[in-house]
Structure formats: structure tokens, C-alpha cells
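Structural characterization, general
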Amino acid sequence: MMTFICGLQSAARNCVFFRFNSLANWRKCNTLVVTSPDCHQVQINCMVNKCQGLGVSQCNRLTFLPGNFSFCRTFKNKRTAYLPSSKSKEIWMTASKYTAWNDSCSRQLVIKEVTVIPALLHRLSCSPIRAIRCFHTSPRFQAAPVPFLLIILKPVQKLLAIIVGRGIRKWWQALPPNKKELFKESIRKNKWKLFLGLSSFGLVFMVFYFTHLEVSPITGRSKLLLLGKEHFRLLSELEYEAWMEEFKNDMLTEKDARYLTVKEVVYHLIECNKDIPGISEINWIIHVVDSPDINAFVLPNGQVFIFTGLLNSVNDIHQLSFLLGHEIAHAVLGHAAEKASLVHLLDFLGVIFLTMIWAICPRDSLALLGQWIQSKLQEYMFDRPYSRTLEAEADKIGLQLAAKACADVRASSVFWQQMEFADSLHGHPKLPEWLSTHPSHGNRAEQLDRLIPQALKIREICNCPPLSGPDPRLLFKLSMKHFLEESEKEDLDTTVKKQKTDTLSIQKQEQIPLTYIVEKRTGS
């Protein structure tokens with residue numbers, strides 16, 4: 001998620017002028033999917049009629065992890081059906097929802113399954129552009145280029161604040177003493193008017209803030225959203241194009257075993273969590289990048305990017321299910337839009353404080369120092385703590401998504417323990433958590449350990465098979481203990497061998513005759 005936020009501005013600046021030319025012909029559509037022979041893309045386009053949040057009472061199927069079992073049972077019709085393999089066929093699910101209003105509102109959900117011949121699917125995936133458009137009756141002017149204006153004006157905001165603040169300071173310094181006294185006296189006389197004006201501004205700001213709060217249907221938490229979904233979807237497309245341009249030579253093909261593994265896990269998570277609001281409305285498209293970086297992220301428009309370095313770092317499919325559930329949770333919860341809204345709000349308030357800093361400080365050097373302090377306070381008091389909060393929330397919801405997919409949720413905390421151990425093994429410095437945008441590995445493992453009992457209850461309610469074998473957390477502790485003991489033995493053996501080598505070298509030096517040493521030095 002943070003990758004999306006950090007790369008958004010650069011991607012938008014590269015594409016903004018191109019987008020201005022094509023904006024007049026742009027239509028609002030649900031999805032625009034670009035495919036190429038080097039990058040296979042997976043789509044799941046489902047509209048669900050009834051969403052109940054994370055209420056597990058809606059679990060009406062028993063689904064096992066791919067690789068172990070491949071069948072599901074629907075309790076409504078008491079029928080067992082085989083889950084088709086991703087190699088044999090692709091199931092495209094489309095739903096049409098019709099609403100009729102008489103005395104009450106009635107809804108009908110139509111699900112159509114289409115089986116596509118693999119050869120035909122391959123030909124379609126090799127086509128240069130495939131667009132699935134769903135036109136709305138809303139007028140075209142609603143897609144105004146608000147994001148572009150924000151992106152263009154954002155770099156100008158600080159410069160404008162500096163110019164205005166510095167101009168106020170220069171104006172005040174140029175005033176003669178008598179006019180300064182008159183100005184101060186005028187402020188004292190009109191202090192109640194000034195107070196009323198500032199109070200009105202504060203009231204307008206509070207009204208604006210509370211009218212832009214939305215409650216998440218999944219977590220029930222209120223969040224600030226300043227950008228509309230259509231506008232933010234346009235920004236997501238810009239970010240997607242930037243990442244595709246960067247990774248175009250590193251994408252794994254659809255036949256790669258690692259790609260197929262990720263594809264099965266994502267399919268399984270989406271299939272088992274259809275009752276989550278918004279998860280079936282996103283077109284999930286998978287991209288596996290051949291890179292040693294231990295990273296994965298999902299764009300708000302459903303573009304899943306996962307690096308092979310992360311695939312090499314997980315022990316089993318259960319850890320991979322949790323990590324992908326974490327990234328899917330970021331997209332479903334709308335964390336990118338929430339984070340961008342907070343950044344815009346803080347930038348607006350920062351412009352006001354920046355103007356005051358440059359107006360009050362007597363010299364430019366002091367103003368620059370104040371500006372640096374203000375930016376650091378904003379970063380470490382608001383930006384990074386908020387990012388850590390969103391990451392912790394994604395861990396919680398991602399763990400619940402993995403639990404409903406019948407994964408072994410106990411393996412989730414083991415992954416972060418592995419990451420913490422690997423960092424200490426490689427000698428990476430352990431920075432304080434308040435300096436990072438993510439919680440520390442140890443704190444994430446502890447939080448997941450507290451959430452695992454609730455996730456295990458979700459598995460039971462969803463009629464998942466009972467977990468067999470020992471707890472992976474206990475196995476990890478035992479393996480780490482054994483590793484440390486072996487390391488200590490190796491270090492002790494190395495020390496003993498070094499001591500023996502040093503003793504032998506000293507003995508050999510003592511056995512050399514003194515006359516030989518004198519003759520050798522004389523000859524040289």
C-alpha cells in the first residue's frame with residue numbers, strides 16, 4: 001500500500017500531459033484491462049447481492065486449500081462439486097443485479113458461468129488490448145480532472161506559502177515604527193472580529209471534515225475520504241501504467257509454476273470471501289515480478305504485484321495465503337484513498353503553518369529551520385503512525401480472510417518471526433518502530449498471536465477441516481533453539497582449532513635454531 005502512495009506522484013507527473021489530451025474522450029467504465037503475452041492476467045468480476053461484512057455466519061461452503069483438496073460443498077443443495085484446475089479451464093463469473101421498486105425493494109442476482117476453451121483464452125490473452133466497459137448514464141463532466149489539479153498544485157503550494165510568508169515579513173520590516181504601532185492598535189480594537197473570523201474558519205473546516213467521513217462496512221471505523229472513487233480509480237490507472245513500464249521485462253509468464261501458485265491462492269481467497277463488501281466488485285489481476293525484493297502490494301484497482309523474493313521467503317502456502325490476504329485487505333478497505341486523503345488534509349494545514357513560519361521568523365535561515373522542523377513533526381507525528389495503524393488493520397483483516405479460506409493461521413506470526421530472525425542474522429540495524437511506516441516484525445508477530453484464537457474460531461464456524469500436526473510456532477522456536485545451539489558448537493570448535501593452530505605455530509618458531517635466524521638476517 002505504501003508503495004502505491006510513494007509512487008503515485010511520480011507516475012502522475014509522467015502521464016499527466018498525455019491524460020489531458022485523452023480526457024475528453026474518456027468514459028467512465030468499471031474496468032480497462034491491458035494484457036500482453038508476457039503477463040497473464042486473472043480476472044474475477046463478481047457482483048454480490050448481499051454483503052454482511054466479515055460476518056462468518058454467511059459461510060455456506062467447505063473449501064480446502066489448493067494442493068491438498070480440490071472440492072467444495074454447498075450446504076444449500078447438499079452437492080459436492082469439483083473445483084476446476086486453473087490449467088484446465090477458466091471460470092468467468094458475471095452478475096447482473098436488477099432492482100425493481102414497487103411497495104418494497106426487491107433484488108435479483110444472476111450468475112452466469114462461462115467455460116472458455118484454453119486455446120481461445122490464450123488467443124484472447126495475447127491480444128494487445130482487451131476492454132470490458134460498463135457505461136453509466138451519469139454525464140461525462142463528472143469525470144473532471146480534479147486529481148490532475150491536485151497533483152499540479154501540490155508542488156506549488158509550498159512555494160506559494162513561502163512567497164506569501166516572506167512577503168508579509170518584508171512588508172512588516174519595511175514599515176516605519178509609527179505605522180507598526182497603529183497596526184497593533186487596530187488589531188487590539190478589532191480582536192473580537194478577528195476571533196469571530198478565525199472561529200468561523202474553524203467551524204467551516206470542522207463541517208468539511210465531518211461531512212467527508214465514511215464508515216467502513218468491514219471494520220466499522222470512520223475514515224476521511226476527500227477523493228471520489230472515480231477520480232482515485234483514474235490515479236490508480238496512472239500508477240498501474242508506471243509499474244508495468246518498470247517491470248515489463250521482469251514479469252513471469254502464465255506457465256511458470258510460481259505464477260500458477262499465486263493464482264490458485266488468490267482465486268481461493270476471493271472465492272471464500274465473496275460475502276466481504278467490495279471484494280467481488282474488484283477485478284483482481286495478478287502480476288508476479290521476478291525480483292529478489294521481499295515485497296508485495298495491491299493497487300486500489302485490483303492489480304496484484306508480488307515479487308519472487310517474497311515467494312522464496314515463505315515456508316508454505318499458509319504463510320502465502322496470509323500475506324496475500326493482507327494485501328487484498330489493503331485494497332478492500334480503501335487504505336490508499338484514506339492515506340491520500342490524510343496527506344492532502346495535512347498538506348493544506350501545513351501550508352497555513354508554513355506561511356506563518358516564514359512570516360514570523362526574522363531571517364530566511366531560521367525560516368528554513370522552522371520549515372524542516374514542521375515537516376519532520378508532520379511526518380513522525382501523523383504520517384508514519386497513521387501508516388502503522390493501517391498496516392495493523394490490514395494484518396487483522398488479512399488474517400480473517402485467510403481463516404475463512406481454511407489456511408493455517410498459526411503460520412502467520414511465524415513469518416514475521418522468521419523476518420526478525422533473518423534481520424538479526426544478517427546484522428541489519430534494528431530501528432525504533434516510530435521511525436518506520438510499518439510495525440516492527442516482533443510487534444506484528446505479537447499482535448497476530450493475540451488475534452489467532454479469534455481466527456481459529458472463524459475457521460470452525462466456516463466448517464474448515466481441523467488442523468493436524470504440531471503448532472508451527474512451537475516448531476519454529478524449537479528449530480531456532482537447535483540452530484543457536486549448533487552455532488555455539490561451531491563457534492567453540494572454531495575457537496579451539498584456532499588456539500591449536502596458534503600453539504603449533506609458536507612451537508615451530510621455538511624449534512628454529514637461533515644461529516639460523518642470525519645467519520638469515522645477516523645474509524639478507
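On a predicted model such as this, the values are computed, not experimentally measured, just so you know. In every chain, residue numbers begin from 1 and rise along the written sequence. With pLDDT at 70 or above as the cut-off, local features in this predicted model cover only qualifying residues; side-chain atom pairs require 80 or more to be listed or tallied, and sums for whole chains, interfaces and linings still use all residues. Derived side-chain values reflect all non-hydrogen atoms in the structure, with water molecules and hydrogen atoms excluded from consideration.

**Re the packing of aromatic side chains**
Stacked, edge-to-face and tilted labels apply to pairs of Phe, Tyr and Trp rings (six-membered ring for Trp) whose centres lie within 6.5 Å, assigned for plane angles under 30 degrees, over 60, and everything in between, in that order. Enumeration according to the criterion identifies 14 aromatic pairs in this entry. Ring centres of Tyr-380 and Trp-434 lie 5.8 Å apart, and the angle between their planes is 70°; this geometry places the pair in the edge-to-face category. Of the two residues, Tyr-380 is situated in helix H11 (residues 364-404) and Trp-434 in the loop between helix H12 (411-425) and helix H13 (441-461); the sequence distance between them amounts to 54 residues. Taken together, the ring pairs in this structure connect Trp-243, Phe-247, Phe-297, Phe-305 and Phe-307 into an aromatic cluster. Runs of H or I in DSSP of at least four residues are treated as helices and runs of E of at least two as strands, each being numbered from the N terminus.

**Side note on the pattern of salt bridges**
Definition used for salt bridges: Asp or Glu carboxyl oxygen within 4 Å of a side-chain nitrogen of Lys or Arg. Counted by the stated rule, this structure contains 17 salt bridges. Between Lys-248 and Glu-245 there is a salt bridge, with its nearest N and O atoms 3.0 Å apart. Salt bridges here are not isolated pairs; linked through shared partners, they connect Arg-166, Arg-169 and Asp-364.

**Some details on the sheet that holds strand S10 (residues 285-289)**
The pairing criterion for strands is at least two bridges between them, as found by DSSP. One open sheet accounts for 3 strands, arranged S10-S12-S11; its pairing is mixed. If you trace the sheet from one side to the other, it starts and ends with S10 and strand S11 (296-298), each paired once. Pairs of neighbouring strands in the sheet enclose a mean axial angle of 10°, with direction left out of account. Pairing analysis gives 3 bridges linking S11 to strand S12 (residues 303-307), with the strands arranged antiparallel. From the neighbouring strand, Ala-296 faces S12, where its bridge partner is Ile-306. Most of the contacts of helix H7 (residues 257-272) go to S10, to which it runs at about 145°, and overall it touches S10 and S12. Axes here mean lines fitted to C-alpha atoms, for a helix over just the part in contact, with angles spanning 0 to 180 degrees between N-to-C directions. In what follows, a contact means two residues having at least one pair of non-hydrogen atoms within 4.5 Å.

**A word on the UniProt feature "transmembrane region" (unreviewed entry) in the protein chain**
Under the present numbering, the feature "transmembrane region" (unreviewed entry) in UniProt falls on residues 194-212. Along residues 194-212 one finds 95% helix and 0% strand; the C-alpha atoms at either end are 27 Å apart. UniProt positions are given in the numbering used here, feature names are shortened, and annotations may be inferred rather than shown by experiment.

**Here's the deal with a nonpolar patch on the surface**
What makes a patch is a set of residues exposed beyond 30% relative accessible area and free of salt bridges, joined within 9 Å when like-charged and within 5 Å when nonpolar (Val, Leu, Ile, Met, Phe, Trp, Tyr). Computed by Shrake-Rupley with a 1.4 Å probe, the accessible areas treat only the displayed protein chains as cover when residues are assessed. On the surface, Val-156, Leu-160, Val-164, Ile-168, Trp-171, Phe-183, Ile-187 and Leu-194 cluster together into a nonpolar patch covering about 690 Å² of accessible area. At the level of elements, helix H3 (146-174) and helix H4 (177-189) are the ones that each hand at least two residues to the nonpolar patch. At 5 residues, H3 tops the list of elements feeding residues into the nonpolar patch. Following the sequence through the fold, Leu-160 ends up in helix H3.

**Some details on the pairing of S12**
The buried fraction of S12 is high, at 5 of 5 residues. Residue alternation in S12 divides its side chains into two sets, Gln-303, Phe-305 and Phe-307 and Val-304 and Ile-306, and both sets are buried. Relative to S12, S10 is paired through 5 bridges, and the arrangement is parallel. Each bridged residue has a counterpart across the sheet, and for Val-288 the counterpart in S12 is Ile-306. Burial classification: accessible surface area is computed with a 1.4 Å probe over protein chains only, and a residue below 20% of its type maximum counts as buried, one above 50% as exposed, and the rest as partly exposed.

**Let's talk about unusual backbone geometry**
Within the chain, Cys-406 stands out as a residue other than glycine whose phi angle is a positive 65°. With respect to the helices, strands and loops of the structure, Cys-406 is situated in the loop between H11 and H12. With a relative accessible area of 6%, Cys-406 lands in the buried category. Look at Asn-463: it is not a glycine, yet its phi comes out positive at around 60°. Inspection of the secondary structure puts Asn-463 in the loop between H13 and helix H14 (472-511).

**Some points on the environment of Thr-308**
With respect to the element layout, Thr-308 can be found in helix H8 (residues 308-311). Along the chain, Thr-308 and Asp-293 lie 15 residues apart, while their C-alpha atoms are 7.4 Å from each other. Residue contacts for Thr-308: discarding those within four places in its chain leaves Leu-252, Arg-258, Val-288, Val-289, Asp-290 and Ser-291. Pairing of N or O atoms within 3.5 Å defines a polar contact, subject to two protein rules: one partner must be a possible hydrogen donor and the other a possible acceptor, and residues neighboring in sequence count only if both atoms are side-chain atoms. A polar contact of 2.9 Å, which involves the side chain of Thr-308, links it to the backbone oxygen of Ser-291.

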